[in-house]
Amino acid sequence: MRLSCGFPPSVVAPEHAVLAEELGYERAWFYDSPALYGDVWVAIARTLDRTSRIGVGTAVLIPSLRHVVTTAAAIGSIEAQAPGRLVVALGTGFTGRCVLGQKPLSWGFVEYYVKQLRGLLAGEEVEVDGELCKLIHPDGFLAKRPIDVPLVVAANGPKGLAVASRVADGVMCAGVVPEGAADARYLAFGTVMDEGESFTTPRVLDAIGGAIAVVYHGTWEAKASGVDALPGGADWRREIERVPPERRHLVVHEGHCVEANAIDRKHMSPMLGGTTFSGTAAQLRDRVAALADQGVTELVYAPMGTDVPRELRAMRDAIG
């Protein structure tokens with residue numbers, strides 16, 4: 001089991017990646033959600049400028065946000081800068097599209113995009129929007145083609161897993177490990193709890209509040225009334241639905257994977273901390289063993305809260 005980490009692109013994210021390298025983390029993955037965070041490729045390039053060993057990755061790119069040639073050129077630029085250190089994960093998009101008022105992409109769209117991307121990286125001519133495209137950069141602008149960068153698909157169910165088996169070099173998942181997954185990267189949010197701490201301890205709640213909020217956000221996106229089954233969920237939904245429909249998606253996802261927003265903090269229950277990757281060091285080691293039995297080969301730990309360095313150190317010491 002490899003231990004990696006995940007960060008929302010921010011001004012300080014590259015410095016957190018520097019610490020992760022010092023602590024022995026395998027890879028630093030960066031999220032792709034332009035309405036919430038900085039640019040994923042800028043964060044990766046800045047990280048590579050400051051590090052010498054740690055791998056980098058996209059978790060996960062949303063195909064609709066960039067023309068496939070733009071994505072191929074970005075990959076080629078990073079591969080020229082730091083050969084062999086990049087892995088690219090792509091998916092249908094959750095928050096990155098929901099915060100734009102859009103639904104996730106179809107799996108057919110994602111599969112076709114990955115096929116186009118593979119062709120471009122191989123140096124082939126690829127039809128895009130009815131016209132032929134190719135990476136025709138002269139020497140010194142991109143890595144030489146073919147560019148061999150692993151492409152991973154984010155999948156939490158059978159449809160995504162099937163697409164991954166056809167076009168990808170593995171899967172990334174969160175929350176659940178899809179049955180039959182092999183060589184899976186698992187995105188985990190939580191904290192290592194010290195003796196005497198509980199989910200209501202201020203330090204713990206600071207570290208996991210953003211992760212608890214995601215439970216409300218994701219449930220609401222799946223089915224708005226479904227959030228009523230969560231502790232405080234009915235009150236949370238009533239406050240969200242006071243916001244005009246055309247603006248509601250902006251309010252729901254504010255602070256996503258960084259912190260609980262003002263509405264979340266009023267209504268969410270700390271008891272949902274049990275849904276996060278949190279516990280004592282011994283408990284987390286047991287959970288890692290269970291994930292390994294399900295086909296997970298890389299744990300992508302995504303620290304939150306106001307003391308990310310503490311979270312990185314504690315998780316490394318607990319399970320690294």
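Cut-offs used in this document
- Residues numbered from 1 in each chain as written.
- Predicted model: local features only at pLDDT ≥ 70, side-chain atom pairs only at ≥ 80, totals over all residues.
- Heavy atoms only, no water.
- Helix = DSSP H or I, 4+ residues; strand = E, 2+ residues; numbered from the N terminus.
- Expected span 1.5 Å × (residues − 1).
- Buried < 20%, exposed > 50% of the residue type's maximum accessible area, 1.4 Å probe, protein only.
- Contact = heavy atoms within 4.5 Å.
- Arc of directions from axis to C-beta.
- Core = buried A, V, L, I, M, F, W, Y, C linked by side-chain atoms within 4.5 Å.
- Pairing = 2+ DSSP bridges.
- Right-handed = clockwise from strand over helix to strand, strands pointing away.
- Phe/Tyr/Trp six-rings, centres within 6.5 Å; stacked < 30°, edge-to-face > 60°.
- Axes fitted to C-alpha atoms, helices over the stretch in contact; angles between N-to-C directions.

Caption draft 1: Up close: helix 3 (residues 68-81). With 14 residues, helix 3 should reach 20 Å at 1.5 Å per residue; the first-to-last C-alpha distance of 20 Å fits that figure. Buried within helix 3 are the following residues: V68, T71, A72, A73, A74, I75, G76, I78 and E79. Those residues of helix 3 that are buried lie in contact with helix 2 (40-50), strand 3 (55-61), strand 4 (86-90), helix 5 (107-121) and strand 5 (126-128).

Caption draft 2: Molecular detail of helix 8 (residues 233-240). What helix 8 keeps buried is the set G233, W236, R237, E239 and I240. Buried residues of helix 8, seen end-on, are gathered within an arc of 165 degrees and therefore sit on one face of the element.

Caption draft 3: Region of the structure containing the nonpolar core. Counting 72 residues, the largest nonpolar core has Y25 and W41 as its most contacted members. Residue contributions to this core peak at six residues, all from helix 5. Discounting residues that sit within four places of it in the chain, Y25 has contacts with L3, S4, C5, A20, R53, I54, Y301, E311, L312, M315 and R316. Judged by nonpolar contacts, the second largest core, of 20 residues, contains M193, A213, W236 and L272.

Caption draft 4: Examining the pairing of strand 3 more closely. Summarising burial for strand 3: seven of the seven residues are buried, a large majority. Looking at chain direction, strand 2 (residues 27-30) and strand 3 are connected through four bridges and run parallel. Within the sheet, the bridge partner assigned to W29 lies in strand 3 and is G57. Assessed by its sense of winding, the connection that carries the chain from strand 2 through helix 2 to strand 3 is right-handed. Note: strand 3 against strand 4, four bridges, orientation parallel. Paired with V56 across the bridge in strand 4 is L86.

Caption draft 5: Quick look at the side chain of R185. Residue placement: R185 occurs in strand 9 (residues 184-188). We classify R185 as buried; its relative accessible area is 8%. Not counting residues within four places of it along the chain, the set of residues in contact with R185 comprises R2, W29, V152, D169, G170, V171, M172, C173, E298 and V300.

Caption draft 6: Layout of the environment of L19. One can find L19 in helix 1 (residues 13-23). In this structure L19 comes out as buried when scored by relative accessible area, which is 11%.

Caption draft 7: Molecular detail of the packing of aromatic side chains. All chains considered together, the criterion is met by three aromatic pairs. Look at Y31 and Y37: their rings are 6.0 Å apart centre to centre, the planes differ by 55 degrees, and that puts the pair in the tilted class. Comparing Y31 with Y37, the two get one shared label, buried. Between Y216 and W236, the aromatic rings sit 6.0 Å apart at their centres with planes inclined by 45 degrees, giving tilted as the arrangement. Here the residue Y216 occupies a position in helix 7 (residues 202-222), and W236 occupies one in helix 8, the gap between them amounting to 20 residues. We note that Y216, like W236, is buried.

Caption draft 8: Spotlight on the sheet that holds strand 3. Within the closed barrel, the eight strands sit side by side as 1-2-3-4-7-8-9-10. Their pairing is parallel. The average angle at which neighbouring strand axes cross in this sheet is 30 degrees, direction not considered. Across three bridges, strand 4 lies against strand 7 (residues 151-154) in parallel orientation. Across the sheet, residue A89 finds its bridge partner in strand 7, namely V152. Together, strand 2, strand 3 and strand 4 form the strand contacts of helix 2, whose direction differs from that of strand 3 by roughly 170 degrees.

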